[in-house]
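Observations on chain architecture
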Amino acid sequence: MSLQRQRKPIIWNRHDGRGSGLKKLMKLIKNFFKRHHHLFAKGGRFEKLGPVFEATETFFFIPGIPTVKDSHVRDSLDLKRFMSMVVLALMPPLIFGIYNAGYQSSLASGLPLGFGAVFLKGLAIVLPIIFVSYAVGFFWEILFAVIRRHPISEGLLVTGLLFPLILPPTIPLWQVAVGISFGVVIGKEIFGGTGRNILNPALTARAFLFFAYPARMSGDTVWVVVGGTGGKLVDAVSGATPLAIANISEFHEKIDILLTKGGYSFTKLFVGNYPGSIGATSALLCLIGAALLILLGIASYRIIFGGVLGVLCTGFFLNLIVTETSMAWLSLNPFYHLVMGGFAFGIIYMATDPVSAPGMNRSKWIYGFCIGALTVLIRVFNAAYAEGIMLAILFMNLLSPLLDHFEIKLRLKKRMENA
Amino acid sequence: MGSFYVKKGYDLKIAGKLSQEIEVLEKPDHVALCPERIPFIKPRLKIRLDDTVKIGSVLFEDKRNPDVKFLSPGGGKVVEINFGPRRVIREIIIRLDTDEQMETFEAISQELPAAIEREALIANIMTGGLWPLIRELPFRDLARPGVMPPAIFVNLCRGEPFQPDPDVYLNDRIDLFNFGLKILKRLADKKVHIFRSPDFATALNDLNGITAHVVHGKYPAGDPGVFLYYTRTSPADNHAWYIQGQDVLLLAHLLKYGTYPLFRTVAVAKDSLEHGKHVQTRLGAPVADIVQGHVREKGTRFIAGGVFRGYTTSRTSYLGLYETSVTLLPEGDKQAFLGFARPGFCKPSYSRTFLSAFNTAGLNMDCGLHGEARACVNCGYCSNVCPVDILPQFTLKSIMAEEVEESLAHGLLDCVECGLCTYVCPSKIEICDVLAAAKKAYYLESA
C-alpha cells in the first residue's frame, strides 16, 4: 500500500493529456503531422519547406529525442519555453496597451468610453500591427531558415511582439512591415540568427523607423488614433507626450508643475493611461512583468536594478548642477524619469535580452547603470531624440562584449593556473 | 578534520532512493573485462580465444606501459572477445568454471606496509593488476607510477544519484579500508586526504594522521576534481591522484591476502527508480545478473555509472572496471503535447519556469532531450551551476574558435566533466561533451 502511495507523481505524469477531449485533439494533430511528414522530409515534394513543417510540428509537440551524449538526463526547459515565458510576461503591458490605445482614441475622437467598446477599438488598432509584425517577421525567419538550412528559431516569438509594443498606434502597417524586416534581417539574420546578433532586433527595427520616417515616429500627432471627427483632435485633449512637454518647457518654469498642468501627474505617468507607444506607457504593468521575469529567472535583476540606479543617480546629479538659467529638464525629479517615456518597458524587456546583454554579473550592473544614465542624458541634453532609452540600449548593446571581455580578463587573472 | 562548502552545483530532483539493504547475488555464469571503458589505454591482448585463464591471469597490458596489467576477474575459458568500431576491444568474456583456479600474488603483512619500499609496493600493485584503480587528475588517466603525487584523494562520497553508499560497502570492511589507507600513505608520502559527505555515518578510526574532510554541497561536491579545486594551494597540486573508496578495499585485499579481489558492491535502480538497492556481486558481472527480474527492454536505457557521467550499456553487456551502478531510465522518446505551454508541475527543471519549482517531491525523469538544439543565447545557467567556476558559455566559444590558450586560461583543465552545464542548457548544447573532448585532445597532443 505504501508503495502505491509513493507512486503518486507518476500518476500525474500519466495524465499529461488530461481529459478525453484534449487527448482526442492531440491524437488528431499527431496523426496529421505523421501523415504529412513524408512530404517535407528529404526527397519529399516540399522538402525546402522542411523547417516550416518542423517548426509547426514542434510547436504542438516537443519532440521525443533521446540524448546521445552525456549527460543522460536533461532539463525540461528548452528555448521555446524560455521565450514563451517572456511572451507571458509581456501580456500585462500588451493587454493594457490594447485598452489604452482604444481609450485614447475614443477620448480623442469623442466616442463613448465604455470598457467593451474601448477595448474592441484597441484591438482593432493593435491586432493588425501585431499580425503584420509576426507575419513579416516569420516570413524572413522562414526564408533564412530554408536557405541556410537551420531550424526556425523561437527568438522571433519575442521580437515580433516586442516591436509592436514600442510603436505609436498610428503607425502605417507598411512601416511595421518595413521596420520588422530591417530588424529581423539586418538586426539578426545577417549575423547568423538568434543568439548571434549583437543588437536587440526589436530595437534595431524601431531605430530604423525612427530615423527613416521621423514624421511617423515622433511629434504630437502620432500617439493617438483619431477617427470619427474628421481627423481632428477634440479640443480638450492634447496629443503631446510627457517627454515632448518636458522638452518645450521654458527655462524658468518648474518642470513637474508643467507636466501636471499638461495632465501628467506622477500617478498618471506611473499607471500609464496617456498617449504613447502601444505597450510602453504603463510603468506599473511593466513592473508586474519585471516581477514575473525575475521570479521565473529569465531576466537579470542586475540589469533592471542597475538601470533604475543609473537613472536615479544621473537624475540627482543633474539636479545638483541646476542654475537659474539651465534647462528645465535638469531640475526634473529623477523619479519622473523612471515612469516617463519607455524607460520602464525598455529596461525590463529590451535591455534584459540575454543575447545582446553582457553575460557576466558585474558587467550586467554596469550595463544596466549605463543604460539608465545614458537614457537621462539623451533625454535632457539631446532634445531632438526625445526617447533616450532606445538609443541608450542600442549603444550599450555595442559595448556589452567589451564589458564581458574585461570582466572575464579580471576574473581569469585570479584563477589558479592549470595547464 | 576540515570541512568546506561547495558553492555551486545542483541536485537532481529525481524520484526514488537507494535502500540500505544489500542483496548477495549468486555466482554468475560469465564475467567480462571491458577495455573500451578504461580511458586512454592502448590494450595489447595477452590471451586468445578459447584460452583457459585463472582468476588474476593477465588478459591484456597497456602498450603505453607494459607493466600496467589488466587481470582476469574470473577463472575459466575465454569464450568471446568482442571488437567495436576501429578494432576497439569491447569485452573479453570468460565462462566461469564451477571451481575457479586462482593466481597468487605476494602478500604483505598488515603491520608492515610502512617497511616495504615504495617502488616495491607499486610493483606489487601492478603485478596484481590493480594499478588502474588509481587515477591522476586532471585528465583522469591512470596514475603515472614514476611520479610522486602531490596527494592522493580517497573518495567516500556517492556523487551522482543512485551510486553505492559508502556506509554500505564499508560495512564490516573497515579494517581492510584502514589497511588500504596505510598503503596509500606509503604511495603518496603520507599526503592522503579522505573526503566524505556530511551524512556518512561509519566511524573512521585509526586514520593515522590522514585528514578526513567533510564536503558539503550539491552534486558534484563529491568529486575529486571539485575537492582539488577547493583545496589546492599551488598549481603543482593539479596532478593529484585519486581513488574511489570501494577501490581502496580491492587494493587492500590484494596486498593483504595475495589474491585478486573480486567483490563489488553495485547500486541498481530500476522500475521508475523506486526499488533502488545494493547488490553484492563481483567484478565484471553481467548486467543481466545485476538487473534481475522483468524489465521492458524497449524504451528503457541501461546506464552504467550514473545518469550524468555513465555510459549506455545493455542487458547483454557487463559492468566495467570503474562502474559500480546500473540505473534504468525510460528512453524519453515520447512527444510532449504543447510542452512549452504546460504548467509542468511534474517537469524537473533547474530553472523556475515550471510549477515544479513548488513541487518538493522527487520527479520522474527520462533520457529525453526535452527540446531541440539551438544557438546559445547566453542565458548563463551553465556558469551558475559549474562547480569549479568555469564560464562554460564563454569557454565553449573559445574552444570552437580553437583558442587553446584562452580555453586553458578559462580553466578548461579544471572541468570535472560533471555534465551539469549540459543538463541545464535550454539550447540543448552538448557543452560538457565539447569541453571534455577539448580536454582530451589537449592531453593527447601534449603527451
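A short tour of the structure in this document, coming up. (Residues numbered from 1 in each chain as written. Chains lettered and ligands numbered in written order. Predicted model: local features only at pLDDT ≥ 70, side-chain atom pairs only at ≥ 80, totals over all residues. Heavy atoms only, no water.)

This part takes up the overall build of chain A. Of the regular secondary structure elements, chain A holds 19 helices and one strand. Buried positions account for 53% of the 419 residues belonging to chain A. Within chain A, residue pairs in contact and separated by at least 24 positions form 71% of the contacts whose partners lie at least 6 positions apart. With the model as given, the accessible surface of chain A reaches about 19000 Å², and the carbon-plus-sulfur share is 68%. (Helix = DSSP H or I, 4+ residues; strand = E, 2+ residues; numbered from the N terminus. Buried < 20%, exposed > 50% of the residue type's maximum accessible area, 1.4 Å probe, protein only. Contact = heavy atoms within 4.5 Å. Areas by Shrake-Rupley, 256 points an atom, 1.4 Å probe, with all protein chains shown as cover.)

The next subject is the interface of chain A and chain B. Buried accessible area, meaning the area lost when the parts come together, often serves as the stated size of an interface. Across the boundary between the two partners, chain A contributes 69 residues, which contact 86 residues of chain B. Summed over both sides, the interface between chain A and chain B buries roughly 6700 Å², with carbon and sulfur atoms accounting for 54% of that surface. Inspection of the chain A/chain B interface yields four salt bridges. A salt bridge links Arg415 of chain A to Asp414 of chain B; its shortest N-O distance comes to 2.9 Å. Linking chain A to chain B there are 25 residue pairs in polar contact (both at pLDDT 80 or more). Taken together, the elements giving at least two residues each to the side of chain A that touches chain B come down to helix H1 (2–6), helix H2 (8–14), helix H3 (20–40), helix H4 (50–60), strand S1 (61–62), helix H5 (79–109), helix H14 (283–296) and helix H19 (388–414) of chain A. The greatest single-element share of the side of chain A that touches chain B, amounting to seven residues, is contributed by H5 of chain A. Within the side of chain A that touches chain B, the residues separate by chemical class into 35 nonpolar, 16 polar and 18 charged. (Buried area = accessible area lost by both parts, 1.4 Å probe. Salt bridge = Lys/Arg side-chain N within 4 Å of Asp/Glu carboxyl O. Polar contact = N/O pair within 3.5 Å; in protein donor to acceptor, adjacent residues only side chain to side chain. Nonpolar A, V, L, I, M, F, W, Y, C, P; charged D, E, K, R; others polar.)

As a further point, take empty space enclosed by the protein. This structure, assessed with the given rule, holds nine cavities of 30 Å³ or more. Computed from the structure, the largest cavity encloses a volume of approximately 280 Å³. Along its surface, the largest cavity is lined by 22 residues, and Met83, Val158, Leu162, Asp353 and Pro354 of chain A are the ones closest to its centre. Residue assignment for the lining of the largest cavity shows that the elements contributing at least two residues are H5, helix H7 (155–165) and helix H17 (343–350) of chain A. Examining the composition of the lining of the largest cavity, we find that four residues originate from one element, H7 of chain A, more than from any other. Split by residue class, the lining of the largest cavity holds 13 nonpolar, seven polar and two charged. There is about 100 Å³ of room inside the second largest cavity. In terms of lining, the second largest cavity is formed by 14 residues, of which the most central are Cys376, Cys379, Cys382, Cys425 and Ile431 of chain B. Elements that contribute at least two residues to the lining of the second largest cavity include exactly helix H7 (381–385) and helix H8 (392–400) of chain B. (1 Å grid on protein atoms, 1.4 Å probe; cavity = no way out; pocket = protein on both sides within 12 Å on 5 of 7 lines; lining within 4 Å. Points joined across faces, edges and corners; volume = space filled by probe spheres on them.)

What follows deals with the nonpolar core. Membership of the largest hydrophobic core comes to 144 residues, with the highest contact counts inside it found for Phe345, Tyr349, Tyr367 and Ile371 of chain A together with Leu12 and Phe153 of chain B. Ranked by residue count, the leading element in this core is H5 of chain A, at 11 residues. Listed in part, the 65 residues of the second largest apolar core include Val31, Phe60, Phe200 and Leu207 of chain B. (Core = buried A, V, L, I, M, F, W, Y, C linked by side-chain atoms within 4.5 Å.)

On to the pairing of strand S14 (residues 211–217) of chain B, then. All names here are of chain B. The element S14 is largely enclosed, with a buried count of five among its seven residues. In this structure, strand S1 (residues 3–6) lies alongside S14, joined through four bridges in parallel fashion. Of the residues in S14, the one forming a bridge with Tyr5 is His216. Summarising the sheet, strand S13 (residues 192–196) and S14 pair through four bridges and their orientation is parallel. Opposite Phe195, over in S14, you have His213 as the bridge partner. (Pairing = 2+ DSSP bridges.)

Going through the model one piece at a time under the given rule, you end up with 26 salt bridges over all chains. A salt bridge links Glu430 of chain B to Arg74 of chain A, with the shortest nitrogen-to-oxygen separation between them at 2.8 Å. With Glu430 of chain B in the loop between helix H10 (420–424) and helix H11 (431–446) and Arg74 of chain A in the loop between S1 and H5, this residue pair bridges two chains. The pair Glu430 of chain B / Arg74 of chain A is uniform in exposure class, with both members buried. Asp223 of chain B serves as the salt-bridge partner of Arg140 of chain B, at 2.9 Å between the closest nitrogen and oxygen. Highlighted residues: Arg140 of chain B in the loop between strand S10 (135–136) and strand S11 (141–142) and Asp223 of chain B in the loop between S14 and helix H4 (224–231), separated in sequence by 83 residues.

A word on the sheet that holds S14 of chain B. Residue and element names in this part refer to chain B. With respect to topology, seven strands assemble into an open sheet ordered S1-S14-S13-S12-S15-S10-S11, the strand pairing being mixed. Across the chains shown, the open sheet's two edge strands, defined by having one partner strand only, are S1 and S11. Across five bridges, the pairing between strand S12 (residues 152–156) and S13 is parallel. Paired with Val154 across the bridge in S13 is Ile194. Sheet strands in contact with helix H3 (residues 174–187) are S12, S13 and strand S15 (241–244), and its direction is about 155 degrees off that of S12. Along the sheet, helix H5 (residues 245–257) makes contact with S12 and S15, crossing S15 at roughly 90 degrees. (Axes fitted to C-alpha atoms, helices over the stretch in contact; angles between N-to-C directions.)

Tracing the chain through its elements places His337 of chain A in helix H16 (residues 334–339). Those residues in contact with His337 of chain A that lie beyond four places of it in its chain are Val311, Trp329, Leu332, Phe343, Val376, Arg379 and Val380 of chain A.

Attention shifts here to unusual backbone geometry. All names here are of chain B. Cis geometry is found at the peptide bond from Leu137 to Pro138, where omega equals 0 degrees. In this structure, Pro138 sits in the loop between S10 and S11. In this structure, Pro220 follows Tyr219 across a cis peptide bond, with omega equal to 0 degrees. Positive phi, close to 75 degrees, is recorded for Asp50, a residue that is not glycine. Relative to the helices and strands, Asp50 resides in the loop between strand S4 (43–45) and strand S5 (52–53).

Residue and element names in this part refer to chain A. Taking 1.5 Å of rise per residue, the 31 residues of H5 would be expected to cover 45 Å, and the 43 Å separating its terminal C-alpha atoms lies within 8% of that figure. The largest bend along H5 reaches roughly 40 degrees and is located at Met91, with the proline Pro92 sitting one to four residues downstream. For H5, the buried fraction is high: 24 of the 31 residues fall into the buried class. Positive phi appears at Gly110, one or two residues downstream of H5, with a value of about 70 degrees. (Expected span 1.5 Å × (residues − 1). Bend = angle between axes of the 7 residues up to and from the residue.)

Once that is clear, we can look at the state of the cysteines. All names here are of chain B. All told, the structure shown has zero disulfides over all chains when counted by the stated rule. For the unlinked cysteine Cys34, the closest cysteine sulfur is that of Cys367, found at 20 Å. Relative accessible area serves as the criterion here: at 4%, Cys34 is assigned to the buried category. The thiol sulfur of Cys367 is not disulfide-bonded, and the nearest other cysteine sulfur, from Cys432, lies at 16 Å. (Disulfide = S-S within 2.5 Å.)

Our next topic: H19 of chain A. With 27 residues, H19 of chain A extends 38 Å between its outermost C-alpha atoms, agreeing within 8% with the 39 Å of an ideal straight helix rising 1.5 Å per residue. Approximately 40 degrees is the largest bend angle found in H19 of chain A, and it occurs at Leu399 of chain A, with the proline Pro401 of chain A only one to four residues beyond.

Attention shifts here to a positive patch on the surface. On the surface, Lys23, Lys27, Lys30 and Lys34 of chain A together with Arg296, Lys298 and Lys334 of chain B cluster together into a positively charged patch. Considering the arrangement of structural elements, one finds Lys298 of chain B in the loop between helix H6 (287–290) and strand S18 (300–304). (Patch = residues over 30% accessible without salt bridge, like charges linked within 9 Å, V, L, I, M, F, W, Y side chains within 5 Å. Lys, Arg positive; Asp, Glu negative; His and termini not counted. Charge placed at Lys NZ, Arg CZ, Asp CG, Glu CD.)

Before going further, it helps to examine a nonpolar patch on the surface. A cluster of nonpolar residues, Ile186, Ile190, Phe191, Ile198, Phe395, Leu398, Leu399, Leu402 and Phe406 of chain A, forms a patch on the protein surface that exposes about 810 Å² of accessible area. Tracing the chain through its elements places Ile198 of chain A in the loop between helix H8 (173–185) and helix H9 (201–212).

Let us look at the packing of helix H6 (residues 115–148) of chain A against H7 of chain A. When two helices pack together, you describe them by how their axes are tilted relative to each other and by the distance separating the axes. Residues and elements named next belong to chain A. Put simply, H6 and H7 touch, their axes get as near as 9 Å, and they point 145 degrees apart. Of the two elements, H6 crosses H7, and the hand of that crossing is right-handed. Packed against H6, whose contacting residues are Ile129, Ile130, Ser133, Tyr134, Gly137, Phe138 and Glu141, the element H7 presents Leu156, Leu157, Gly160, Leu161, Phe163 and Pro164 at the interface. (Left-handed = near helix turned anticlockwise from the far one by under 90°.)

The subject of this paragraph is the sheet that holds S5 of chain B. Residues and elements named next belong to chain B. Strand order in the open sheet formed by four strands is S3-S9-S8-S5, and the pairing between neighbours is antiparallel. Lying at the two open borders of the sheet, with one neighbouring strand each, are strand S3 (30–33) and S5. Bridging between S3 and strand S9 (residues 89–96) involves four bridges; their strand directions are antiparallel. When the sheet's bridge partners are listed, His30 is paired in S9 with Arg95.

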